[in-house]
Amino acid sequence: MERIPDIIRAAGGAEAVAVEAGVTVHAVQKWARKGVPDWHWPTLMKLSGVSLEQMFGANQQIRAKGEAA
């Protein structure tokens, strides 16, 4: 899994992640475009089984795209 949308799906989807993270579904959906705030990484890693390195790489992809725009 190298993309945030894939990680969110593996974690049970936006609704499941939102409940566990204590945020709205809309906030989780924005992560796919803006990147996941660092303080939510542990929740996504726990739910999806991704490693810290995978989480970092996926987030860097999104943030790099934002900087290029």
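Residues numbered from 1 in each chain as written. Predicted model: local features only at pLDDT ≥ 70, side-chain atom pairs only at ≥ 80, totals over all residues. Heavy atoms only, no water.

Observations concerning the environment of I7
Note the following rule: Helix numbering and strand numbering both begin at the N terminus, where a helix is a DSSP run of H or I of at least 4 residues and a strand a DSSP run of E of at least 2. In this scheme, a residue with accessible area under 20% of its type's maximum is buried, one over 50% is exposed, and one in between is partly exposed, where area comes from a 1.4 Å probe on protein chains only.
Topologically, I7 is positioned in helix α1 (residues 4-10). When its relative accessible area of 0% is taken as the criterion, I7 is described as buried. Linking I7 and Q61, residues 54 residues apart in sequence, is a C-alpha distance of 13 Å.

Structural notes on the packing of aromatic side chains
Quick note on the threshold: Aromatic pairing here means that ring centres of Phe, Tyr or Trp (its six-membered ring) are within 6.5 Å. Orientation follows from the plane angle: under 30 degrees is stacked, over 60 is edge-to-face, and everything else is tilted.
Under the criterion given, the structure shown has 1 aromatic pair. Measuring from ring centre to ring centre gives 6.4 Å for W41 and F56, while their planes differ by 70°; the resulting arrangement is edge-to-face. Here W41 is found in helix α4 (residues 41-48), whereas its partner F56 is found in helix α5 (residues 52-68), with 15 residues between them in sequence. The class for W41 is buried, based on a relative accessible area of 11%.

What to know about the confidence of the model for the protein chain
Keep this limit in mind: Scored from 0 to 100, pLDDT records how confident the predictor is in each individual residue.
Of all residues in the protein chain, 93% attain a pLDDT of 70 or more, and the chain-wide mean is 92. No element of the protein chain has a lower mean pLDDT than α5, which averages 86, and none a higher one than helix α2 (residues 14-21), which averages 97.

Digging into the packing of α2 against helix α3 (residues 25-34)
Spelled out, the test is: The axes used here are C-alpha line fits, helices contributing only the stretch in contact, and every angle between their N-to-C directions lies in the interval 0 to 180 degrees. An angle counts as roughly parallel when it lies under 35 degrees, as roughly antiparallel when it exceeds 145, as roughly perpendicular when it falls between 65 and 115, and as oblique in every other case. Whether a crossing is left-handed or right-handed is set by the direction in which the near helix is turned from the far one by less than a right angle, anticlockwise for left-handed and clockwise for right-handed. Contacts: residue pairs with any heavy atoms within 4.5 Å of one another.
Two elements in contact, α2 and α3, have axes whose closest approach is 8 Å; the angle formed by their N-to-C orientations is 115°. By the angle class used here, α2 and α3 are roughly perpendicular. Considering the relative orientation of α2 and α3, their crossing is right-handed. Judged by residue contacts, A14, E15, V17, A18 and A21 of α2 engage V25, V28, Q29 and W31 from α3.

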